[in-house]
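# Examining the three-dimensional arrangement
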Amino acid sequence: MKTLYVSDLDGTLLQSNAKISEYTNRTINGLIEKGMLFSYATARSYLTACKVTAGLRTDIPLVVYNGAALVDGGDGSPMRKNFFGGEIGEVLTDLFANDVYPIVYAFLDGEEKFSYIPARCTSGMDAFLESRAGDRRTHPVADEDGLLQGEIFYLTCIDEREKLKPLYEKYREKYHCVFQTEIYTKKQWLEIMPPEASKAHAITQLKNLLGCDRLVVFGDGENDRDMFEIADEAYAVENAVAGLKNRATAVIGSNDSDGVARWLEEHFQKG
């Protein structure tokens, strides 16, 4: 039986300092050497995911942007694009009408960029942008028209809960939406993605691509719920939200105690 192992990053594989431990790297790399098929599924981009997982082997494709893309583990080039169509313009216009101005991820002339209007940034957006200082994808624009350009695949709204909750309720059935408090800044986020863009959908694409017939996943947050639902075994770290623990096969050690790597070290057996 060919098994695919997939872990979330922030709050799961990464410790609370948003870094991966030497023990986790050493353990997982050693198991990959023995034949384990291991990947991660994250809300992060390939670029920022690579920075926080420095030293971790990525021999197979990776799930980024909560499933908006499946990318090559070596160079980050898109292998599957689960992007919006032209209808996203109507959604953005509606967000603007509700005084919400998201960070918009798109490919512009073949290059990945995240666009935003500096004058419309909330404190949460400012904190996010500060954490991405020097990022080559940064693309400030002058007005709403600038946010409507390119092949759009991901919207991140960081604002007051009271403003974002009605929009979440409005779009949650039509698109893949994640409404949660960001674990580091504690700011409210609403992420809006195409209906095909979910960790579950992208992981299924990866599972089929590799010819795997069994799936084991690890997570901690609301955006991991869909991949828990399709997994044969799903493990929540000790620090996970209560709702995810209730859906888990079992609860394992926390992210700060290398729970995922310790579970893999104990349970992985070469097929």
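To be clear, the structure that these remarks concern was listed above.
## Quick look at the sheet that holds strand β10 (residues 176–181)
- If you walk across this open sheet you meet the six strands as β8-β7-β6-β9-β11-β10, and the pairing is mixed. Each edge of the sheet is formed by a strand with only one pairing partner; in this case those strands are β8 (138–140) and β10. Adjacent strand axes in the sheet meet at a mean angle of 25 degrees, parallel and antiparallel pairs treated alike.
- As judged from the five bridges shared by strand β6 (residues 103–108) and strand β7 (residues 111–116), these two strands associate in the antiparallel manner. If you follow Tyr105 over to β7, its bridge partner there is Phe114.
- The strands that helix α4 (residues 88–97) touches are β6 and β9 (151–158); relative to β9, the one it contacts most, it runs at about 20 degrees.

## Things to note about the sheet that holds strand β12 (residues 214–219)
- The five strands lie next to each other as β2-β1-β12-β13-β14, forming an open sheet whose pairing is parallel. This sheet does not close on itself; its edge strands, each paired only once, are β2 (37–40) and β14 (250–252). Between one strand axis and the next, the sheet turns through 25 degrees on average, direction left out of account.
- Inspection of the sheet shows strand β13 (residues 233–237) paired to β14 by three bridges, in the parallel sense. Each bridged residue has a counterpart across the sheet, and for Tyr235 the counterpart in β14 is Ala250.

## A short note on the packing of helix α2 (residues 22–33) against helix α11 (residues 259–267)
- Remark: α2 packs on α11, axes separated minimally by 9 Å, with the N-to-C direction vectors making an angle of 35 degrees. Regarding α2 and α11, the two cross each other, and that crossing is left-handed. On α11, the residues that touch Tyr23, Thr24, Thr27, Ile28 and Leu31 of α2 are Ala261, Arg262, Leu264 and Glu265.
- The residue inventory of the contact of α2 with α11, partitioned by class, reads five nonpolar, two polar and two charged.

## Brief notes about the pattern of salt bridges
- In the structure shown here, the tally under the stated rule is 17 salt bridges.
- Across the salt bridge formed by Asp135 and Arg137, the nearest N and O atoms sit 2.6 Å from each other.
- Here the salt bridges share partners, and the residues they tie into one network are Asp99, Arg120, Asp159 and Lys163.

## Concerning helix α7 (residues 161–171)
- All of the buried residues in α7 are Leu164, Leu167, Tyr168 and Tyr171. One side of α7 holds all its buried residues, which, seen down the axis, span an arc of 105 degrees. Exposed and facing more than 90 degrees away from the buried side of α7 are Glu162 and Lys170.
- At its buried positions, α7 is contacted by α4, β9, β10 and β11 (188–193).

## Describing the pairing of β10
- Pairing of β10 with β11, which is carried by six bridges, proceeds in the antiparallel orientation. Residue pairing in the sheet places His176 in a bridge with Met193 of β11.
- Counted along the chain from β10 to the antiparallel partner β11, the turn is six residues long, and its residue Lys186 has a positive phi close to 65 degrees.

## A look at the nonpolar core
- Leu4, Tyr5, Ile28, Met36, Phe38, Phe218 and Leu264 are the most contacted members of the largest nonpolar core, which has 71 residues in total.
- Counting 25 residues, the second-largest nonpolar core is a separate cluster that includes Phe96, Leu155, Cys157 and Leu190.

## Describing the packing of α4 against α7
- At a closest axis distance of 11 Å, the pairing of α4 and α7 adopts a crossing angle of 155 degrees. In terms of orientation, α4 and α7 fall into the roughly antiparallel class. Judged by the twist between their axes, the crossing of α4 over α7 is right-handed. Contacts from Val91, Asp94 and Leu95 of α4 reach α7 at Leu167, Lys170 and Tyr171.
- When the residues that make up the contact of α4 with α7 are grouped by side-chain class, the tally is four nonpolar, no polar and two charged.

Rules behind the numbers
Here the residue numbering is sequential within each chain, running from 1 through the sequence in written order. Local features are withheld for residues below a pLDDT of 70 in this predicted model, meaning they are given only at 70 or higher, and side-chain atom pairs are given and counted only at 80 or more; totals for whole chains, interfaces and linings count all residues. To get the side-chain values, take all heavy atoms of the structure and skip hydrogens and water. In short, DSSP must find at least two bridges between two strands for them to pair. Numbering of helices and strands runs from the N terminus; a helix is a DSSP stretch of H or I covering at least four residues, while a strand is a stretch of E covering at least two. Axis lines are fitted to C-alpha atoms, over the contacting stretch for helices. Their N-to-C directions set the angle, which ranges from 0 to 180 degrees. Any two residues whose heavy atoms approach within 4.5 Å are treated as being in contact. Whether a crossing is left-handed or right-handed is set by the direction in which the near helix is turned from the far one by less than a right angle, anticlockwise for left-handed and clockwise for right-handed. Three classes are used: nonpolar for Ala, Val, Leu, Ile, Met, Phe, Trp, Tyr, Cys and Pro, charged for Asp, Glu, Lys and Arg, and polar for all others, with Gly counted as polar. Put simply, a salt bridge is a Lys or Arg side-chain nitrogen that is within 4 Å of an Asp or Glu carboxyl oxygen. Each residue is assigned to one of three classes by its accessible area relative to the maximum for its type, calculated with a 1.4 Å probe on protein chains only: buried under 20%, partly exposed between the two thresholds, exposed over 50%. Taken from the helix axis, the directions to the C-beta atoms give the arc we talk about. Nonpolar cores were defined as sets of buried Ala, Val, Leu, Ile, Met, Phe, Trp, Tyr and Cys residues, with membership established by side-chain atoms within 4.5 Å. Working rule for angles: under 35 degrees goes down as roughly parallel, over 145 as roughly antiparallel, 65 to 115 as roughly perpendicular, anything else as oblique.

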